[in-house]
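Each chain is listed here by its residues.
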Amino acid sequence: MPNICYIVGTAGSGKTMLTSSLQRYLITRGASITTINLDPAVQHVPYQADIDIREFINFEQLVDEYQLGPNGAMIAAADLIADYIHEIQEQITDLGESSEVVLIDTPGQIELFAYRTASLKIIQSFPADTSTLAFLFDSALVSNISGFLSINLLATSVQIRLNLPMIHVLTKSDLIKAHQIETILSWREDPYVAIEELHGMNREFSFGIGQIVETLSDIPILPISSLTGDGMELLAAHLSRTFTAGDDWSI
Ligand SMILES: Nc1nc2c(ncn2[C@@H]2O[C@H](COP(=O)(O)OP(=O)(O)O)[C@@H](O)[C@H]2O)c(=O)[nH]1
Ligand SMILES: [Mg+2]
């Protein structure tokens with residue numbers, strides 16, 4: 001069965017760029033990688049995709065043919081993926097056989113991947129114990145407490161929906177200072193400290209949020225920059241351990 005890593009996160013969180021930089025990093029270390037673009041609406045894909053959903057779905061044609069606005073067209077395109085699931089699944093299985101990991105770049109808007117049924121069907125067609133989700137925390141969104149807590153709740157929501165093991169990746173670490181990264185990591189260790197700093201929140205509500213966010217406390221947050229390559233080694237090691245149950249890949 002293929003080892004699959006789904007790269008998931010809010011729009012602009014760096015999924016495509018991480019797919020590209022991680023692919024490059026792993027290949028230069030001798031790993032064999034399959035890379036898949038599942039975003040039908042993306043214009044430019046900066047990596048060599050072994051499977052590209054745009055070969056199945058023509059986004060521009062959808063817009064023209066059905067006179068859809070951008071949101072309607074993106075939803076239609078995401079739902080259309082369902083028509084090609086069998087083909088995609090076969091291709092992933094074939095390519096995955098000779099790869100250490102299959103990296104899957106998902107649609108720009110998280111709800112198109114996490115909440116519509118087509119992608120759930122793709123996920124469910126592979127065993128959960130050889131699949132993982134890299135959930136991205138965009139530095140630009142999580143450097144303040146309310147943003148951090150909100151994205152944690154989103155991660156929990158995605159976890160409920162997709163029910164796969166997760167790793168959390170703090171993207172664009174080059175855009176924030178080292179002490180900000182430390183602060184974000186400390187909020188993960190103790191979310192109640194963060195919540196206490198949010199003033200004017202109902203006590204019971206805050207406590208409830210704390211309890212939910214605390215359920216993620218065993219998941220490390222790995223800071224990376226796709227631009228500078230910082231943290232890529234740690235992320236690769238983490239993926240390797242996830243898929244080989246402790247034995248590192250040869251990378
Ligand atoms: N500075 C910096 N910018 C990044 C990084 N990763 C992504 N970006 C930028 O963030 C924007 C969105 O990235 P993209 O990978 O397309 O996000 P996606 O919508 O999640 O696929 C682009 O303008 C990227 O150039 C990073 O590590 N550092
Ligand atoms: Mg993208």
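As shown above, the structure is provided for reference.
Basis of the calculations
- Residues numbered from 1 in each chain as written.
- Chains lettered and ligands numbered in written order.
- Predicted model: local features only at pLDDT ≥ 70, side-chain atom pairs only at ≥ 80, totals over all residues.
- Heavy atoms only, no water.
- Near = heavy atom within 4 Å.
- Polar contact = N/O pair within 3.5 Å; in protein donor to acceptor, adjacent residues only side chain to side chain.
- Areas by Shrake-Rupley, 256 points an atom, 1.4 Å probe, with all protein chains shown as cover.
- Nonpolar A, V, L, I, M, F, W, Y, C, P; charged D, E, K, R; others polar.
- Buried < 20%, exposed > 50% of the residue type's maximum accessible area, 1.4 Å probe, protein only.
- Helix = DSSP H or I, 4+ residues; strand = E, 2+ residues; numbered from the N terminus.
- Pairing = 2+ DSSP bridges.
- Phe/Tyr/Trp six-rings, centres within 6.5 Å; stacked < 30°, edge-to-face > 60°.
- Expected span 1.5 Å × (residues − 1).
- Arc of directions from axis to C-beta.
- Contact = heavy atoms within 4.5 Å.
- Salt bridge = Lys/Arg side-chain N within 4 Å of Asp/Glu carboxyl O.
- Core = buried A, V, L, I, M, F, W, Y, C linked by side-chain atoms within 4.5 Å.

### Looking at the site of ligand 1
Taken together, 13 residues sit near ligand 1, with Lys-15, Thr-16, Met-17, Asp-174 and Ser-226 positioned nearest. The contact in question runs from an oxygen atom of ligand 1 to an N or O atom on the backbone of Gly-14, over 3.0 Å. For ligand 1, whose unbound accessible area comes to 580 Å², protein coverage reaches 70%. Broken down by class, the residue content of the shell around ligand 1 amounts to 3 nonpolar, 7 polar and 3 charged.

### Side note on the pairing of strand 4 (residues 101-105)
The buried fraction of strand 4 is high, at 5 of 5 residues. Of the two faces of strand 4, both are covered, the one formed by Val-101, Leu-103 and Asp-105 as well as the one formed by Val-102 and Ile-104. Strand direction decides the pairing type here: strand 1 (residues 4-9) and strand 4, joined by 4 bridges, are parallel. Opposite Tyr-6, over in strand 4, you have Ile-104 as the bridge partner. For strand 2 (residues 33-37) and strand 4, the ladder comprises 5 bridges, and the chain directions are parallel. Directly across from Ile-33, in strand 4, lies its bridge partner Val-101.

### Structural notes on unusual backbone geometry
Even without being a glycine, Gln-67 presents a positive backbone phi close to 50°. For Gln-67, a relative accessible area of 71% gives the class exposed. Within the chain, Asn-163 stands out as a residue other than glycine whose phi angle is a positive 50°. Tracing the sequence through the fold places Asn-163 in the loop between helix 8 (145-162) and strand 6 (166-171).

### Some words on the packing of aromatic side chains
By convention here, two paired aromatic rings are described through the distance between centres and the angle between planes. Evaluation of the coordinates by the stated rule reveals 6 aromatic pairs. Between Phe-137 and Phe-148, the ring centres sit 6.2 Å apart and the planes meet at 45°, which makes this aromatic pair tilted. Remark: Phe-148 occurs in helix 8 and Phe-137 occurs in strand 5 (residues 131-138); sequence separation between them is 11 residues. Grouping aromatic residues by their ring pairs yields a cluster made of Phe-135, Phe-137, Phe-148 and Trp-187.

### Points about helix 9 (residues 178-189)
Helical periodicity: at 3.6 residues per turn, an α-helix aligns residues three or four positions apart in one direction. The terminal C-alpha atoms of helix 9, which comprises 12 residues, lie 17 Å apart, in line with the 16 Å expected from a rise of 1.5 Å per residue. Along helix 9, the residues that are buried comprise Ile-181, Ile-184, Trp-187 and Arg-188. Along helix 9, the residues classed as buried sweep out an arc of 120° about the axis, all on the same side. Opposite the packed face of helix 9, turned more than 90 degrees from it, sit the exposed residues Ala-178, His-179, Glu-182 and Glu-189. Those residues of helix 9 that are buried are in contact with strand 5, helix 7 (139-142), helix 8, strand 6, helix 10 (191-196) and strand 7 (221-223).

### Concerning the pattern of salt bridges
Within this structure, the stated rule accounts for 3 salt bridges. Residue Arg-54 pairs with Asp-52 through a salt bridge whose shortest N-O separation is 2.7 Å. For Arg-54, a relative accessible area of 30% gives the class partly exposed. Residue classification places Asp-52 among the buried residues on the basis of a relative accessible area of 9%.

### Structural notes on the nonpolar core
The biggest cluster of nonpolar side chains holds 56 residues, and the ones touching the most others in it are Tyr-6, Ile-92 and Phe-135. A total of 8 residues in this core trace back to one element, the largest contributor, which is helix 8. Setting aside chain neighbours within four positions, we find Phe-135 in contact with Val-8, Ile-110, Ile-151, Leu-154, Ala-155, Val-158, Met-166, Ile-167, His-168 and Val-169. One finds Leu-26, Ala-31, Leu-222 and Phe-243 within the second-largest nonpolar core, a separate group that totals 21 residues.

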